[in-house]
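Structure assessment
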Amino acid sequence: WIQQQLPPELDGDLNGAAVVAPADVWAVAYVGDAAVSLERALLLHWDGTAWADVEIARAIGRGKAALVDIDGVSPTDLWAVGYHRNQPAILRFDGAAWSRSPTEVRGTLEAVEAFATSEVWAVGTPIQRFDGATWSDESDPEVAADTLTTVHGCGADNVWAVGRQQILHYNGFAWETSSEAPVTREGADLEDVAAIGGLDIWAVGSRPSKEEGTTHAVVVRYSGRRWAPVDGPSVAGSDTLTAVDAL
């Protein structure tokens, strides 16, 4: 691992990255202090030599803003989600410039996953789907009971989203909850999910431990029939897992 030299104006949190090519990498962040509502959205680009701050003020708007996730299907079709003045913001890159993508959604957006130009999902408190022309609200309070933290999948008809005590699956027609997953019974908060294939899905997060104020890391795996916990090393004190990926 080699530590990268970032622009000096970055004094906040890096939230996500999308690797398009070795010399074409994007990262989203915010700078400032969210506690006092002074944050500003930041978009960084790696050209193979250095990281640069990409101007997006015109695209996202002036004022309090942040970007929390980014994904794409090609160098000329990328998506980033976050918020602007406490309202969801969705940005799109066409290969030349970033622009705001119109949406009527309210709430918060936490993650975006792009499968194709006409198949993009964004999740948070709502569930949004882009069909190549417009965004539509796919939320179902009876299925998604709380905020979803991330979305991932291996195709337009096999999409997974996770959040607090919930794992959701989209089968190409509708979202359904995986109520048999052990995390739904243990009070676990899931932070990330990764799909290696249709029959190999991993999710990570944490659950409350017996000692007040502490948590234990959670790893669960879906093998095509059911979700099962995966044992990991024992760590003293409090621990959690926040991200998972697979090749």
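The structure we're discussing is the one just above.
Bear in mind that the values here come from a model prediction, so they are computed numbers and not experimental data.

Overall, antiparallel pairing links the four strands, which are arranged β13-β14-β15-β16 in an open sheet. At either margin of the open sheet sits one strand with a lone partner, and together these are β13 (148-155) and β16 (175-177). Shown here is a sheet whose adjacent strand axes are inclined to one another by a mean of 25°, direction ignored. Both β13 and strand β14 (residues 158-163) contribute to a ladder of six bridges, which runs antiparallel. Its bridge partner being in β14, His-152 is matched across the sheet by Trp-160.

With that settled, the discussion passes to the nonpolar core. Residues Leu-43, Leu-67, Ile-70, Leu-91 and Trp-98 are the most contacted members of the largest nonpolar core, which totals 17 residues. Counting residues per element, the ones that place at least two in this core are β2 (24-31), β3 (40-46), α1 (57-60), β5 (65-74), β6 (77-84) and β7 (87-93). Here Ile-70 is in contact with Gly-16, Ala-17, Ala-18, Trp-26, Val-28, Leu-43, Trp-79, Ala-80, Trp-98 and Val-112, once residues within four sequence places are set aside. Counting 13 residues, the second largest nonpolar core, distinct from the first, contains Val-162, Ile-167, Leu-190 and Ala-203.

As paired strands, strand β18 (residues 200-208) and strand β19 (residues 215-222) are joined by eight bridges and run antiparallel to one another. Opposite Ile-201, over in β19, you have Tyr-222 as the bridge partner. Hairpin connection from β18 to β19: six residues lie between these consecutive antiparallel strands, with Gly-213 at a positive phi of about 80°. Note that β19 and strand β20 (residues 227-229) share three bridges and pair antiparallel. What sits directly across from Tyr-222, in β20, is Trp-227. Turn length for the β19-β20 hairpin, with the two strands adjacent in sequence and antiparallel, is four residues, and the turn residue Gly-224 shows positive phi of about 105°.

Each value, and the rule that gives it
- Residues numbered from 1 in each chain as written.
- Predicted model: local features only at pLDDT ≥ 70, side-chain atom pairs only at ≥ 80, totals over all residues.
- Heavy atoms only, no water.
- Pairing = 2+ DSSP bridges.
- Helix = DSSP H or I, 4+ residues; strand = E, 2+ residues; numbered from the N terminus.
- Axes fitted to C-alpha atoms, helices over the stretch in contact; angles between N-to-C directions.
- Core = buried A, V, L, I, M, F, W, Y, C linked by side-chain atoms within 4.5 Å.
- Buried < 20%, exposed > 50% of the residue type's maximum accessible area, 1.4 Å probe, protein only.
- Contact = heavy atoms within 4.5 Å.

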